[in-house]
Amino acid sequence: MKRRIAPSPPGSPITGHLNRLRNDVLGLLTDATREHGDVIRFRVGPLVMHLVNHPDHVAQVMIRNRKNYDKASRSSDCLALICGESLLTANGDVWRQRRRIIQPMFHRAAVEGFVTSIATCTQEMLDAWSVKAKASEAVDLASEMMRLTFRVVGRCLFGVDLEKEAGAVEEAMHVMVMHTYRRWRSILNAPPSWPTPGNLRFRCAVAEVDEIIAGLIARQRVQPPATPNLLTMLTGSRDAESGLGLSDAEVRNEAITFLLAGHETTANGLAWALFLLDRHPEHAERVRTELDQACGGRLPEFADLPQLSHALHVFEESVRLYPPIWAMERHVIAEDEIGGYHIPKGSGVIISPYTLHRHPAFWEEPELFRPERFERRDHEAYYPFGAGPRFCIGSEFALAEARVILPMILRRFCFVAEPGQSGEPEPGITLRLKDGFRVRLEERL
Ligand code: HEM
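Residues numbered from 1 in each chain as written. Predicted model: local features only at pLDDT ≥ 70, side-chain atom pairs only at ≥ 80, totals over all residues. Heavy atoms only, no water.

- An unreviewed UniProt entry annotates the protein chain as Cytochrome P450 originating from Luteolibacter rhizosphaerae.

So, the sheet that holds strand 4 (residues 138–140)
To summarise the sheet geometry, strands pair through backbone hydrogen bonds and adopt either a parallel or an antiparallel arrangement.
Phase 1 of the analysis: Here we have three strands laid out as an open sheet, ordered 4-12-9, and antiparallel in their pairing. Sheet topology places strand 4 and strand 9 (413–417) at the edges, where each strand pairs with a single neighbour. Taking the axes of each pair of neighbouring strands and ignoring which way they run, one obtains an average angle of 45 degrees across the sheet.
Phase 2 of the analysis: Relative to strand 4, helix 7 (residues 141–158) is tilted by about 60 degrees, and along the sheet it contacts strand 4, strand 9 and strand 12 (438–443).
Phase 3 of the analysis: Sheet contacts for helix 16 (residues 395–412): strand 9 and strand 12; angle to strand 9, the most-contacted strand, approximately 85 degrees. (Pairing = 2+ DSSP bridges. Helix = DSSP H or I, 4+ residues; strand = E, 2+ residues; numbered from the N terminus. Axes fitted to C-alpha atoms, helices over the stretch in contact; angles between N-to-C directions. Contact = heavy atoms within 4.5 Å.)

Some words on the site of the ligand
Phase 1 of the analysis: Close to the ligand lie 26 residues; Trp95, Arg99, Arg330, Arg390 and Cys392 are nearest.
Phase 2 of the analysis: Within the backbone of Leu87, one N or O atom sits 3.3 Å away from an oxygen atom of the ligand.
Phase 3 of the analysis: Contacts to the ligand include Arg99, whose side-chain N or O atom sits 2.7 Å from an oxygen atom.
Phase 4 of the analysis: Only helix 5 (92–102), helix 11 (248–261), helix 12 (264–279), strand 5 (328–332) and helix 16 provide two or more residues apiece to the shell around the ligand. (Near = heavy atom within 4 Å. Polar contact = N/O pair within 3.5 Å; in protein donor to acceptor, adjacent residues only side chain to side chain.)

Regarding empty space enclosed by the protein
Phase 1 of the analysis: Here the structure, examined in full by the defined rule, presents two cavities of 30 Å³ or more.
Phase 2 of the analysis: What the second largest cavity holds in volume is close to 80 Å³.
Phase 3 of the analysis: Contributing to the lining of the second largest cavity are Leu21, Val25, Leu29, Phe42, Met49, Leu51, Trp184, Trp326, Ala327 and Ile350.
Phase 4 of the analysis: Looking at the lining of the second largest cavity, the elements with two or more residues in it are helix 2 (25–36) and strand 2 (47–52).
Phase 5 of the analysis: Among the residues making up the lining of the second largest cavity, the classes are represented as ten nonpolar, no polar and no charged. (1 Å grid on protein atoms, 1.4 Å probe; cavity = no way out; pocket = protein on both sides within 12 Å on 5 of 7 lines; lining within 4 Å. Points joined across faces, edges and corners; volume = space filled by probe spheres on them. Nonpolar A, V, L, I, M, F, W, Y, C, P; charged D, E, K, R; others polar.)

Considering the layout of surface pockets
Phase 1 of the analysis: Here the largest pocket defines a volume of roughly 310 Å³.
Phase 2 of the analysis: Listed by contribution, the elements that provide at least two residues to the lining of the largest pocket are helix 3 (55–64), strand 3 (69–70) and helix 5.
Phase 3 of the analysis: Classifying every residue of the lining of the largest pocket gives seven nonpolar, two polar and seven charged.

Side note on helix 12
Phase 1 of the analysis: In a regular helix each residue adds 1.5 Å, so 16 residues correspond to 22 Å; helix 12 covers 23 Å between its end C-alpha atoms and thus fits that length.
Phase 2 of the analysis: With 14 of 16 residues buried, helix 12 is to be regarded as a mostly interior element. (Expected span 1.5 Å × (residues − 1). Buried < 20%, exposed > 50% of the residue type's maximum accessible area, 1.4 Å probe, protein only.)

Some details on the packing of helix 6 (residues 108–134) against helix 7
Phase 1 of the analysis: Where helix 6 meets helix 7, the closest approach of the two axes is 9 Å, and the angle between their N-to-C directions is 145 degrees. Read as a crossing pair, helix 6 and helix 7 show a hand that is right-handed. Taking contact as the criterion, the partners of Phe114, Ser117, Ile118, Thr120, Cys121, Thr122, Glu124, Met125, Trp129 and Lys132 in helix 6 are, on helix 7, Leu141, Glu144, Met145, Leu148, Arg151, Val152, Arg155, Cys156 and Leu157.
Phase 2 of the analysis: Residue composition of the contact of helix 6 with helix 7, by class: eleven nonpolar, three polar and five charged. (Left-handed = near helix turned anticlockwise from the far one by under 90°.)

Some remarks on the packing of aromatic side chains
Phase 1 of the analysis: If you walk through the whole model with that rule in mind, you get 14 aromatic pairs.
Phase 2 of the analysis: Geometrically, the ring pair formed by Trp272 and Tyr322 is stacked, given 3.8 Å between the ring centres and 10 degrees between the ring planes. Remark: Tyr322 occurs in the loop between helix 14 (309–321) and strand 5 and Trp272 occurs in helix 12; sequence separation between them is 50 residues.
Phase 3 of the analysis: We classify Trp272 as buried; its relative accessible area is 0%.
Phase 4 of the analysis: For Tyr322, a relative accessible area of 15% puts it in the buried group.
Phase 5 of the analysis: Judged by centre distance (5.3 Å) and plane angle (80 degrees), the rings of Phe275 and Phe437 are edge-to-face. In this pair, Phe275 sits in helix 12 while Phe437 sits in the loop between strand 11 (431–433) and strand 12, placing the two residues 162 residues apart along the sequence.
Phase 6 of the analysis: An aromatic cluster is built from Phe106, Phe114, Phe258 and Phe397, whose rings are joined through pairwise contacts.
Phase 7 of the analysis: The ring of Trp363 has Arg320 sitting right over it, with the charged end atom 5.1 Å from the ring centre. (Phe/Tyr/Trp six-rings, centres within 6.5 Å; stacked < 30°, edge-to-face > 60°. Lys NZ or Arg CZ within 6 Å of the ring centre and 35° of its normal.)

Here it is in structure tokens:
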């Protein structure tokens, strides 16, 4: 039987879709889904990949036929330059072992313990903002969210205050994620060991973060903390099935993975939520009122979270429109057929929450910001945290952060956005606000 080849947008005979992929990837994917349906074939030089854009196709790749796919994809290879082999990038038995070891850190009881630290870190940030507001100093909320979520990860997962390190790590992480994304977008890259200016900048950034992590591990060895944290769990772990522990290099890989995955994604989600709330003040007011009713003037606690539902819906809608992980990639290890089209072994499959979350068959007026959509909980085409066994391990943590941080910010401050901000998304490893979100702060209380 003849294999059906999926439709493809016009591209160059030599480089395929490389040019638009580099310069306007969101436009390329959006136009392609509008013009060619739910399975679209792209080519970058010799590499073939398919965008699949239907919930049934997502379930096929991530759940039903997942044995045909793994994460040895180009994006994982790029991420592995930062994280090595870790929960985020590993496959097979290594991935299963890491997930078993780390999962307890993210059980409900553990997240319950995180809420006080999230509220305390937020309160400290707001106190610092108070000084900036009095001085009429403009702040970039996107950058503030990066620093805040970084500190939250430090406190909750590593049991330390990373205030001093936050600025340096923010810069180093930016260098690392932009470098890896540039490599993903290119077909020809200099080997990582070559001393090109980009590779050298990248290596310096990795070395800087490695030094911070080595310091954290050393501090804990000298003085083991009273309450267990991710590092103590990693260093002290023995896999229940194999009885094996993790080497220092493996602990380092997981630590950098959680520093990166645990703050960059949530920070972008929060920055987009604040940006959208600035354009929809009626929702900001609802979030404020909800916090006042649930907590009065005190800090939110874990037991308050169910009452902070509008804050949750605002965040869910923000990451629908601007999913921090805007694309997930899989490598095809055994051929498959999706939506009637042939998916060859050795090619790539892309699942894009950005296009799925705007699919007109599943979302009414998908371009509009409407947090009320999430009063219903049964959205089919919604994948901000992925699907199947590789579902985001930190999703409950991130959603707890959103319910604490957004209302606390809005209760205490109003913003006046600086003029001329585009609000354009900039896809990298995560989806950032291209120009950040610069505002002047006005204290309300
Ligand atoms: C709004 C915030 C977040 C978003 C949108 C997000 C999104 C995602 C997505 C889409 C995946 C699946 C990737 C794939 O299948 O290829 C994922 C996996 C992962 N996330 Fe998150 N994430 C967020 C927050 C967090 C936090 C707070 C942590 C850690 C504290 C975290 C740690 C991880 C890890 C380690 C994985 C790999 C899990 C595995 O493969 O077993 N994420 N995340």
